[in-house]
Amino acid sequence: MRKTKVALFGAGFIADIHMESYIRFVPEAEVVAVYARSMQKAEAFAARHGIERAYDNVELLLATTDCEVVDICLPNYMHHEACMLAANASKHVIVEKPLCLSIKEADEMIAACKRSGKFLMYAEELCFAPKYERVRSIVDSGAVGDVFMLKQAEQHSGPHSRWFYESEKAGGGVLMDMGCHAFAWFRWMLNNPPIRSVYANLQHVMHDTDAEDHSLVIVEFDTQHGIVTGLAQNSWCKQGGMDDHMEVYGTEGVAYGDLFKGNSSLLYSLKGYDYASEKAGATQGWTFPIFEEAFNQGYPAELKHFINCVRTGETPKVTGEDGKAVLEILHAAYASASIGKRIDFPFESSAAKPWDLWKPAR
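These numbers were taken from a predicted model, which means no experiment stands behind them.

Definitions and cut-offs
Residues numbered from 1 in each chain as written. Predicted model: local features only at pLDDT ≥ 70, side-chain atom pairs only at ≥ 80, totals over all residues. Heavy atoms only, no water. Helix = DSSP H or I, 4+ residues; strand = E, 2+ residues; numbered from the N terminus. Rg over C-alpha atoms; globule rule 2.2 N^0.38 Å. Buried < 20%, exposed > 50% of the residue type's maximum accessible area, 1.4 Å probe, protein only. Contact = heavy atoms within 4.5 Å. Areas by Shrake-Rupley, 256 points an atom, 1.4 Å probe, with all protein chains shown as cover. Lys, Arg positive; Asp, Glu negative; His and termini not counted. Charge placed at Lys NZ, Arg CZ, Asp CG, Glu CD. Salt bridge = Lys/Arg side-chain N within 4 Å of Asp/Glu carboxyl O. Pairing = 2+ DSSP bridges. Axes fitted to C-alpha atoms, helices over the stretch in contact; angles between N-to-C directions. Right-handed = clockwise from strand over helix to strand, strands pointing away. Core = buried A, V, L, I, M, F, W, Y, C linked by side-chain atoms within 4.5 Å. Phe/Tyr/Trp six-rings, centres within 6.5 Å; stacked < 30°, edge-to-face > 60°. Arc of directions from axis to C-beta.

1. Digging into the overall build of the chain
Thought 1: What the chain contains, in helices and strands, is 11 helices and 16 strands.
Thought 2: Expected size for 362 residues packed as a compact globule is a radius of gyration near 21 Å; at 20 Å, the chain falls within 12% of this value.
Thought 3: Along the first, second and third principal axes, the C-alpha atoms of the chain reach 55 × 55 × 45 Å.
Thought 4: The 362 residues of the chain split such that 56% are buried.
Thought 5: Considering only residue pairs separated by 6 or more positions, the chain has 70% of its internal contacts joining residues 24 or more positions apart.
Thought 6: Total accessible area computed for the chain in this model is approximately 15,300 Å², and 50% of it derives from carbon and sulfur atoms.
Thought 7: If the 35 positive side-chain charges of the chain are averaged to one point and the 48 negative ones to another, these points end up 2 Å apart.

Given below as structure tokens:
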């Protein structure tokens, strides 16, 4: 079988998850090169995963590597440049969340991929997570009646890399890291209806960051059945391990999904347990050691879908336009937190990053 060749941009936590997904679940793809900002890190990643080539220069990789797909798993502020270089080199592009930092960047990325005739997929794994998709199929059947409210929460004690805490690189705080998942999932569940308004409350509770580490955001959507409310709860301040769950409320029923509970072990440890290194010494007390994290969160199905699109010409289910729509909600949320009021749509933002819309208020 001819394999679709992939170049992976990034050598951190999420790149490891993508690599595991390719190796275990996407046999029709082959990662042939990896880029990292540090050659030492790129070479270590390549050696660990059996990748032939390692680079610390994107232009050199694109010029010397035979690949069809570029998979971008870099820090947020690098997404735009990496995508533009890949698109201009006539590569299909998949970009980890969030799509980029500004609406202008999103427009440029979408346009560049269209000019090159290549796909741009926004990598929102919740649209492929098995438990979440099971609930969506139930809701689509009409079993819960007309949906009037959605809730999604993702919470833990904080990210693994320093750049997440730096607004210049991340574009904001926990909302940029995890709130983007909720907004994409709301749109996915409701078939991408128009946004009516966004209201956000952002807090700085405990972390060494210049941005928010706890957030609540209400998004109102205009649907054919009336207004649907989406409530996104995201936090870097929750102790006791990872939490990722959703709730769907309809006129004739309710449905719940929890990505990890039910597919995890139960642990109480005085020493604590670090899920990333699989060693003692991190989160203490009760935790839920996760089984098959990559599969539960939808990464294998997401990447398998995109590789299939590249191989068959089928349009991806989640596109650059969807990533832009999520980014518009993010910008509106920071603007709402700044003034303490609801932001009505349509909403336009020329800010270089969402954080700039809240920064003047602090």
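Moving on from the coordinates now.
2. A few points about the pattern of salt bridges
Pairs can form between side chains of opposite charge once their charged atoms are near each other.
Thought 1: Enumeration over the complete set of coordinates arrives at 21 salt bridges.
Thought 2: A salt bridge links Glu20 to Arg24; the shortest N-O distance between them is 2.8 Å. Taken together, the residues span about one helical turn, with Glu20 and Arg24 both in helix 1 (residues 13–25) at a distance of four residues.
Thought 3: For Asp177, the salt bridge is made with Lys97, and the minimal N-O distance between the two is 2.9 Å.

3. As for the sheet that holds strand 10 (residues 226–235)
Thought 1: The mixed open sheet is built from seven strands, whose spatial order is 12-11-7-10-9-8-16. Of all strands in the sheet, those bounded by a partner on one side alone are strand 12 (253–258) and strand 16 (343–344).
Thought 2: Alignment of strand 11 (residues 243–250) against strand 12, held across six bridges, turns out to be antiparallel. In the sheet register, Glu247 faces strand 12, and the bridge partner there is Tyr256.
Thought 3: Across the sheet, helix 11 (residues 320–339) is in contact with strand 8 (195–203), strand 9 (214–223) and strand 16; its angle to strand 8 comes to roughly 60°.

4. Things to note about the pairing of strand 1 (residues 4–9)
Thought 1: With five of its six residues buried, strand 1 lies for the most part within the structure.
Thought 2: Pairing between strand 1 and strand 2 (residues 29–35): six bridges, direction parallel. Residue pairing across strands places Val6 opposite Val31, the latter belonging to strand 2.
Thought 3: Considered for its hand, the β-α-β crossover made up of strand 1, helix 1 and strand 2 is right-handed.
Thought 4: With four bridges joining them, strand 1 and strand 4 (residues 69–72) adopt parallel strand pairing. Bridge assignment links Phe9 to a residue of strand 4, and that residue is Ile72.

5. Let's talk about the environment of Lys261
Thought 1: Looking at where Lys261 falls in the secondary structure, it is placed in the loop between strand 12 and strand 13 (267–274).
Thought 2: For Lys261, a relative accessible area of 44% translates into the label partly exposed.
Thought 3: Here the alpha-carbon distance between Lys261 and Lys169, two residues 92 residues apart in the chain, equals 32 Å.

6. Here's the deal with the sheet that holds strand 1
Thought 1: If you trace the six strands from one edge of the open sheet to the other, you get 3-2-1-4-5-6, paired in parallel fashion. The strands lining the two open edges of the sheet, one partner per strand, are strand 3 (53–55) and strand 6 (120–123). Sheet twist, expressed as the mean angle between neighbouring strand axes with direction ignored, is 25°.

7. Description of the environment of Gly230
Thought 1: With respect to the helices and strands, Gly230 occurs in strand 10.
Thought 2: Taking relative accessible area as the criterion, Gly230 reaches 0% and is therefore assigned buried.
Thought 3: For the pair Gly230 and Glu124, spaced 106 residues apart in the sequence, the C-alpha separation amounts to 17 Å.
Thought 4: Apart from residues lying up to four places away in sequence, Gly230 is in contact with Leu150, Phe186, Val217, Ile218 and Val219.

8. Describing the nonpolar core
Thought 1: Residues Phe9, Ile72, Phe183, Trp185, Val198, Val217 and Val248 are the most contacted members of the largest nonpolar core, which totals 112 residues.
Thought 2: At 10 residues, helix 8 (residues 174–189) tops the list of elements feeding residues into this core.
Thought 3: Among residues more than four places away in sequence, those in contact with Val248 are Val135, Val139, Val147, Met149, Leu150, Trp185, Met189, Gly253, Val254 and Ala255.
Thought 4: Counting seven residues, the second largest nonpolar core, distinct from the first, contains Trp163, Val174, Met178 and Trp236.

9. Section: the packing of aromatic side chains
Thought 1: For the structure shown, the criterion picks out 11 aromatic pairs.
Thought 2: Measuring from ring centre to ring centre gives 5.9 Å for Trp185 and Phe186, while their planes differ by 55°; the resulting arrangement is tilted. Of the two residues, Trp185 and Phe186, neither departs from the other in class, the shared state being buried.
Thought 3: Centroid distance Tyr249 to Tyr256: 6.5 Å. Interplanar angle 85°. Geometry classified as edge-to-face.
Thought 4: You can call Tyr256 exposed: its relative accessible area is 52%.

10. Focus: helix 6 (residues 130–140)
Thought 1: By the burial criterion, the buried members of helix 6 are Tyr132, Val135, Arg136 and Val139. All buried residues of helix 6 fall inside an arc of 105° around its axis, so they share one side.
Thought 2: One or two positions beyond helix 6, positive phi appears at Gly142, with a value near 90°.

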